[in-house]
Amino acid sequence: VLLNTTIAGYEFDNCLMNAAGVCCYDHEELTMVDQSSAGTFVTKSATKTSREGNPLPRYQAVPLGSINSMGLPNLGLDYYLDYVRQLEKQTKKTYFLSMTGLSKEETLEMLKQVELSDFKGMVELNLSCPNVPGKPQLAYDLPTTENLLTEVFAFFTKPLGVKLPPYFDIAHFDAAAEVYNKFPLAFVNCVNSIGNGLIINDETVVIKPKNGFGGIGGDYIKPTALANVHAFYQRLKPSIKIIGTGGVKTGRDVFEHILCGASMVQVGTALEKEGVEIFARLSQELTEIMQEKGYQTIEDFRGKLQYLA
Ligand SMILES: CC(C)(C)CCc1c(C(=O)O)[nH]c(=O)[nH]c1=O
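Parameters and conventions
Residues numbered from 1 in each chain as written. Predicted model: local features only at pLDDT ≥ 70, side-chain atom pairs only at ≥ 80, totals over all residues. Heavy atoms only, no water. Pairing = 2+ DSSP bridges. Helix = DSSP H or I, 4+ residues; strand = E, 2+ residues; numbered from the N terminus. Axes fitted to C-alpha atoms, helices over the stretch in contact; angles between N-to-C directions. Near = heavy atom within 4 Å. Areas by Shrake-Rupley, 256 points an atom, 1.4 Å probe, with all protein chains shown as cover. Nonpolar A, V, L, I, M, F, W, Y, C, P; charged D, E, K, R; others polar. Contact = heavy atoms within 4.5 Å. Parallel < 35°, antiparallel > 145°, perpendicular 65-115°, else oblique. Left-handed = near helix turned anticlockwise from the far one by under 90°. Expected span 1.5 Å × (residues − 1). Buried < 20%, exposed > 50% of the residue type's maximum accessible area, 1.4 Å probe, protein only. Arc of directions from axis to C-beta. Core = buried A, V, L, I, M, F, W, Y, C linked by side-chain atoms within 4.5 Å. Right-handed = clockwise from strand over helix to strand, strands pointing away. Salt bridge = Lys/Arg side-chain N within 4 Å of Asp/Glu carboxyl O.

(A) Seen up close, the sheet that holds strand 10 (residues 194-198). A sheet is described by the order of its strands in space; here four strands give the open sequence 4-5-13-10, paired in antiparallel fashion. With one partner strand each, in any of the chains shown, strand 4 (59-62) and strand 10 form the two edges of the open sheet. Across this sheet, the average inter-strand angle for adjacent strands is 40 degrees, counted without regard to direction. Examined bridge by bridge, strand 5 (residues 65-68) and strand 13 (residues 213-218) share four bridges and lie antiparallel to one another. By the bridge assignment, Ser66 is partnered in strand 13 with Gly217.

Right, here's the structure in full:
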């Protein structure tokens, strides 16, 4: 049984990796993922300059998942770009560089810097980035998203995919897929946390920013994550691969994401709780499921979700 996968012609020896934001803040965390059973890693979404992020507590794990309003704490694009450029020369692996500008100008400026560099990996453009105040996050504003991607692909030639928040309406799957199908995207990553949830302990919110409102991850979001993976798998042109993120904590969850069409599966909340040894456990559990079912590679069952007659 092999757990290898391919995205945009880049080979990975394992289809598991971290989700942006988890275990990817600095060299130490990124090295831990790189030296684990994971096939690769993605960096914390970078902005042009480093950011402290929101006041603590800004992340809270709970039995069925997590809530966060981190506020994009990161060490700045140069830190991650320099680190990945030197690491990829040593390991010959393909890494993901996540980024999100706080304005269109910042996003384009960062991408121009990456385009001019000798970075050989892939960019994951986080479209959950904030928009003009009073407007929804970028990925929920499709005309603005289309405008941005048009300007991006006017100059950007390295492999680039987008990290998407969950959509909840079939009409939105249709409209969003119509936009993303217009661009030479390497992948779409479904899903980011479900935005603006609220978790309460006794009579009090559990995180400080935004009066306790934050992105929800974990068991709570797996049905939504699987639906988004499969909806885009059904709608996007075959050259745009799907990365599945959300609610993964067992090999069975990884299997279900791949069954829905995912070519790579990311782990967030469960990685935060268990640490990087989770990648070996998930690999073992997925291997056992595949052996039981007689699948040799993930391509034997990727996207083959069955419907009821
Ligand atoms: C929510 C934003 C701060 C605009 C982007 C960064 C981000 C964060 C974060 O840094 O708060 N948390 C998430 O669960 N997903 C994200 O994409």
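(B) Inspection of the sheet that holds strand 6 (residues 96-99) at higher detail. With parallel pairing, seven strands are arranged side by side in an open sheet as 3-15-14-9-8-7-6. Unpaired on one side and paired on the other, strand 3 (16-18) and strand 6 mark the two borders of the sheet. Across the sheet, the mean angle from the axis of one strand to that of its neighbour is 25 degrees, orientation sign disregarded.

(C) The site of the ligand, seen in detail. Surveying the vicinity of the ligand reveals the residues Lys44, Asn68, Ser69, Met70, Gly71, Leu72, Asn126, Ser128, Pro130, Asn192 and Ser193. For the ligand, the accessible surface in isolation is 390 Å², of which the surrounding protein chains cover 77%. Here the residues of the shell around the ligand are counted per class, giving three nonpolar, seven polar and one charged.

(D) Main features of the environment of Ser128. Here Ser128 is to be found in the loop between strand 7 (122-126) and helix 4 (142-152). Through-space distance from the C-alpha of Ser128 to that of Arg302 is 27 Å; in sequence the pair is 174 residues apart. Once residues within four sequence positions are removed from consideration, Ser128 is found in contact with Gln137, Lys163, Pro165 and Asn192.

(E) Looking closely at the packing of helix 2 (residues 77-91) against helix 3 (residues 104-116). The interhelical angle for the contact between helix 2 and helix 3, taken along N-to-C directions, is 20 degrees, at an axis separation of 12 Å. One element, helix 2, and the other, helix 3, form an angle in the roughly parallel class. Pair helix 2 / helix 3 crosses with right-handed handedness. Between helix 2 and helix 3, the contacting residues are Leu77, Asp78 and Leu81 on the first element and Met110, Gln113 and Val114 on the second.

(F) Layout of helix 2. Compared with the 21 Å implied by 1.5 Å per residue over 15 residues, the 21 Å span of helix 2 between its first and last C-alpha is a close match. Listing the buried residues of helix 2 in full gives Leu77, Tyr80, Leu81, Tyr83, Val84, Leu87 and Glu88. The arc enclosing the buried residues of helix 2, seen along the axis, measures out at 165 degrees, which places them on a common side. The first or second residue beyond helix 2 is Lys92, which carries a positive phi of 60 degrees.

(G) Seen up close, the nonpolar core. Leu160, Val162, Leu164, Tyr180, Val188 and Phe232 are the most contacted members of the largest nonpolar core, which totals 87 residues. For Leu164, the contacting residues outside a window of four places in its chain are Leu127, Ala139, Tyr180, Val188, Asn189, Cys190, Val191, Asn192 and Phe232. If you look at the next biggest cluster of nonpolar residues, it comprises 11 residues, including Ile7, Phe12, Phe96 and Met264.

(H) Region of the structure containing the pairing of strand 14 (residues 241-245). The buried fraction of strand 14 is high, at four of five residues. The pairing of strand 9 (residues 187-190) with strand 14 spans four bridges and is parallel. Note that in strand 14 the partner of Cys190 across the bridge is Gly244. Alignment of strand 14 against strand 15 (residues 262-267), held across four bridges, turns out to be parallel. Bridging from a neighbouring strand, Thr245 pairs with Gln266 of strand 15. Tracing the backbone out of strand 14, into helix 7 (residues 251-259) and back to the parallel element strand 15 gives a crossover that is right-handed.

(I) Structural view of the pattern of salt bridges. Scanning the model with the defined rule gives 16 salt bridges in all. Where Lys249 meets Asp219, a salt bridge forms, and the shortest distance between an N and an O atom there is 2.7 Å. Note that Lys249 is positioned in the loop between strand 14 and helix 7 and Asp219 in the loop between strand 13 and helix 6 (222-235), a separation of 30 residues in sequence. Given a relative accessible area of 36%, Lys249 falls into the partly exposed group. Judged by its relative accessible area of 29%, Asp219 falls in the partly exposed class. Glu256 is paired through a salt bridge with Lys222; the nearest N and O atoms lie 3.0 Å apart. Of this pair, Glu256 sits in helix 7 while Lys222 sits in helix 6, and the two are 34 residues apart along the sequence. For Glu256, a relative accessible area of 15% translates into the label buried. Among the residues examined, Lys222 registers a relative accessible area of 19% and is labelled buried. Connected through salt bridges with shared partners, the residues Asp82, Arg85, Lys89 and Asp118 form a single ionic network.

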